[in-house]
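# An overview of the molecular structure
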Amino acid sequence: MSGELAVAEDGLNKVPRGSITVANADDIPSSPHHIPFFRRTLFQILVVGICAFSAPGIWSAMNGLGVGGSQSPDLVNAANALLYAFMTVTCFLSPWLTNAVGFRWTLSLGTLGYPLYAAGLYVNNRFGSTWFVYVGAVACGISAGFFWGVEGAIATGYPEEHKRGRYIATWFTFRNFGNIIGGAISLGLNHKVNHRGQVGYQTYLGFIAIQCLGCVFALLLSNPDKVQRDDGTRIEAPRGIYWRTELREMWRLARSKSILLLTPLFWYFGWTQAYPGTYFATYFTVRSRALGSFLGAVVGTLATWLGGVLVDVHWTKKRQTRAIGTYVLIALLNSATWIWAVYIQNEYRHTLPVLDWGNQAAFGRGFGVYMFERLALGMVENYIYWCISNLSDSPGDQIRYSSLLRGIETAGVCLGFGVQAAPTPLIATASINLGLWFFALPFSYYATVRVVRKFNELDKKVNENGEVQHTHNTI
């Protein structure tokens, strides 16, 4: 079509040719007001958000209680390491399943393992059995990999370019609602338990019920070919691609500079997820862990919205300035947070405190660093997916980018939980978190620079097209 941008070799420097098909008057309304709401991008984000709430959101709520609410972190850390090992494999395979059955059915199938994980924790909590914990972890790992790949592609590939930061924040808000509601339920049930231990088994019954609804909600999603953006364009994501062609495309993207630059940041984000829950289970009482699950989700939600607003809203005219400014804020926040975390952990390894909100003097410092970890990681989470959203405008490409990078993330999570299950001293893992962050810092900077270059090229192209159109009208 006219006005297309040429395809470069690399994602952050291109808008893929043919990624968006402009519809004509015969097959799509000319006015966005005529687009049914259930075909709009906002509705699709709401659907994937509800699924993210009911499946991984509730899973995060359980782990926000401190390694699934268990008294001993070792069992659940081992189960989570097993979960993420399977999840890493199926995350890489997500494009093939999506190509075979479509986005909607992949999203629905991806939710099926989550209730089994919660059921395993329930059985362990009530009866002391451990085998079902591992069965649930394997089932959840297999389905969750498909879910992670496709939900990321929907959230980053469906929206219009100028709405991506806020729509990604909307997606994560729903996911964090799982933590907020789960934390509120647990806090109500456990607010009198001012000692270390495990949460009550009644907590898991509500979690299982909510997670069972995810597969139904997912069926409300529209596949990309039926979705229309506000400008009246459809989204192209071809089906029926031969498996060898899909493999070749995945290999090409895996070697691209964009993927290589974002890999350290995704690995850092994945690796660090094992630390906060283990830290909470080690030092905090049951009710304090429930409070942390609730407030951590609130802070995480505010953080992801802050990240989304900073890159989308015109607090400064140039998108390039917004991108660099957001990156600088994230860099300073994460650096300060992990330096503080290492300092606190170095103290706690000697004093071995049991922290409860009844003792505010000791509780505030340890709880505060946890809140800042949630704030820092929430902003990183929004930013890395905003970077993914600028790799391509097509969900067909986005499912590949999302699967590759989320597969790298899950591998990091798997190794992180595996190391904690060893068990490993928390001062060691906190120090590794700090080291990984500083290692990822220069790579993420150059990834940001590539986004800025893409914006510069797009602005240049728009200006050139505008000048040509103006000359044509004058003639």
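Higher on the page you've got the structure.
Definitions and limits used
The residue count restarts for each chain, going from 1 along the sequence in the order it is written. Residue-level local features of this predicted model are given only where pLDDT is at least 70; pairs of side-chain atoms are given and counted only at 80 or more, and the full residue set underlies all totals for whole chains, interfaces and linings. As a convention, hydrogens and water are excluded, and side-chain values are obtained from all of the structure's heavy atoms. A run of H or I in DSSP counts as a helix once it spans at least four residues, and a run of E counts as a strand once it spans at least two, with each numbered from the N terminus. Contact definition: two residues touch when any of their heavy atoms are within 4.5 Å. Axes here refer to lines fitted to C-alpha atoms; in helices the fit is confined to the stretch in contact. Angles between the N-to-C directions go from 0 to 180 degrees. When describing relative orientation, an angle under 35 degrees is termed roughly parallel and one over 145 degrees roughly antiparallel, while 65 to 115 degrees is termed roughly perpendicular and anything else oblique. Each crossing gets its hand from how the near helix is turned against the far one by less than a right angle, where anticlockwise is left-handed and clockwise is right-handed. The nonpolar class holds Ala, Val, Leu, Ile, Met, Phe, Trp, Tyr, Cys and Pro. Asp, Glu, Lys and Arg form the charged class, and all remaining residues, Gly among them, are polar. Here a patch means residues that are over 30% exposed by relative accessible area and free of salt bridges, tied together within 9 Å if like-charged and within 5 Å if nonpolar (Val, Leu, Ile, Met, Phe, Trp, Tyr). Values of accessible area rely on a 1.4 Å probe in the Shrake-Rupley scheme; residue burial ignores everything except the protein chains shown. By definition, a salt bridge exists where a carboxyl oxygen of Asp or Glu is found within 4 Å of a side-chain nitrogen of Lys or Arg. The nonpolar core is taken to be a set of buried Ala, Val, Leu, Ile, Met, Phe, Trp, Tyr and Cys residues, with the residues joined through side-chain atoms within 4.5 Å. Working definition: with a 1.4 Å probe on protein chains only, accessible area under 20% of the residue-type maximum means buried, over 50% means exposed, and in between means partly exposed. Only rings of Phe, Tyr and Trp enter the pairing, Trp through its six-membered ring, and a pair is recorded when the two centres are within 6.5 Å. The plane angle decides the type: under 30 degrees is stacked, over 60 is edge-to-face, the rest tilted. In protein, a polar contact requires one atom able to donate a hydrogen and another able to accept it; more generally it is a pair of N or O atoms within 3.5 Å, and residues adjacent in sequence count only if both atoms are side-chain atoms. Disulfide: a pair of cysteine sulfur atoms within 2.5 Å of each other.

## What about the overall build of the protein chain?
Counting its secondary structure elements, the protein chain contains 15 helices and 2 strands. Here the analysis covers contacts within the protein chain between residues at least 6 apart in sequence; of these, 86% occur between residues at least 24 apart.

## Section: the packing of helix α3 (residues 114–127) against helix α6 (residues 202–211)
Two elements in contact, α3 and α6, have axes whose closest approach is 9 Å; the angle formed by their N-to-C orientations is 165 degrees. Here α6 runs roughly antiparallel to α3, going by the angle between their axes. In the crossing of α3 with α6, the sense of the turn from one axis to the other is left-handed. Two secondary-structure elements touch here, α3 through Y114, P115, A118, A119, L121, Y122 and N125 and α6 through Y204, L205, I208 and Q211. Among the residues forming the contact of α3 with α6, the class breakdown is 9 nonpolar, 2 polar and no charged.

## Description of a nonpolar patch on the surface
A surface patch of nonpolar side chains, about 350 Å² in accessible area, is lined by W105, L109, L112 and L219. In this fold, L219 is placed in the loop between α7 (214–217) and β2 (233–235).

## What about unusual backbone geometry?
The backbone of L352 shows a phi angle near 45 degrees, a positive value even though the residue is not glycine. With respect to the element layout, L352 can be found in the loop between α12 (319–351) and α13 (360–389).

## Thoughts on the nonpolar core
Y84, L107, Y117, Y268, Y279 and W386 are the most contacted members of the largest nonpolar core, which totals 124 residues. Apart from the residues within four sequence positions on either side, W386 is in contact with G165, I168, V311, D312, A323, V451 and F455.

## Here's the deal with the packing of aromatic side chains
Scanning all chains against the criterion turns up 35 aromatic pairs. Centre to centre, the rings of Y84 and W148 are 6.3 Å apart; their planes meet at 75 degrees, and the pair counts as edge-to-face. Placement of Y84 in helix α2 (residues 73–109) and of W148 in helix α4 (residues 131–157) is noted, with a sequence separation of 64 residues between them. Note on W148: relative accessible area 5%, which makes it buried. For the ring pair Y279 and Y348, a centre distance of 6.5 Å and an interplane angle of 10 degrees mean the geometry is stacked. Linking Y279 in helix α10 (residues 274–283) with Y348 in helix α12, this pair joins segments that are 69 residues apart in sequence. A residue is classified by how much of its surface remains accessible, and Y279, at 1% relative accessible area, is buried.

## Here's the deal with the pattern of salt bridges
Applying the stated criterion to the full structure yields 8 salt bridges. Here D230 makes a salt bridge to K163, at a shortest N to O gap of 2.2 Å. Highlighted residues: D230 in the loop between α7 and β2 and K163 in the loop between α4 and α5 (164–190), separated in sequence by 67 residues. By relative accessible area, which is 23% here, D230 ends up partly exposed. Since its relative accessible area comes to 17%, K163 is described here as buried.

## Things to note about the side chain of R406
Mapped onto the fold, R406 is located in helix α14 (residues 395–420). With a relative accessible area of 0%, R406 lands in the buried category. Within polar-contact distance, the side chain of R406 engages the side chain of E151 at 3.0 Å. A distance of 2.7 Å separates a polar atom in the side chain of R406 from a polar atom in the side chain of Y385. With sequence-adjacent residues up to four places away left out, R406 is seen in contact with C91, W148, E151, G152, W171, R175, F266 and Y385.

## Notes on α10
In terms of burial, α10 is largely enclosed, as 9 of its 10 residues are buried. Among all positions of α10, only A274, Y275, P276, G277, T278, Y279, F280, A281 and Y283 are buried.

## Considerations on the state of the cysteines
Inspection of the entire model under this criterion finds 0 disulfides. Not engaged in a disulfide, the cysteine C212 finds its nearest cysteine sulfur in C215; these two sulfurs lie 7.5 Å apart. For C212, a relative accessible area of 41% corresponds to the partly exposed category. Residue C215 is classed as partly exposed on the basis of its relative accessible area, which comes to 23%.

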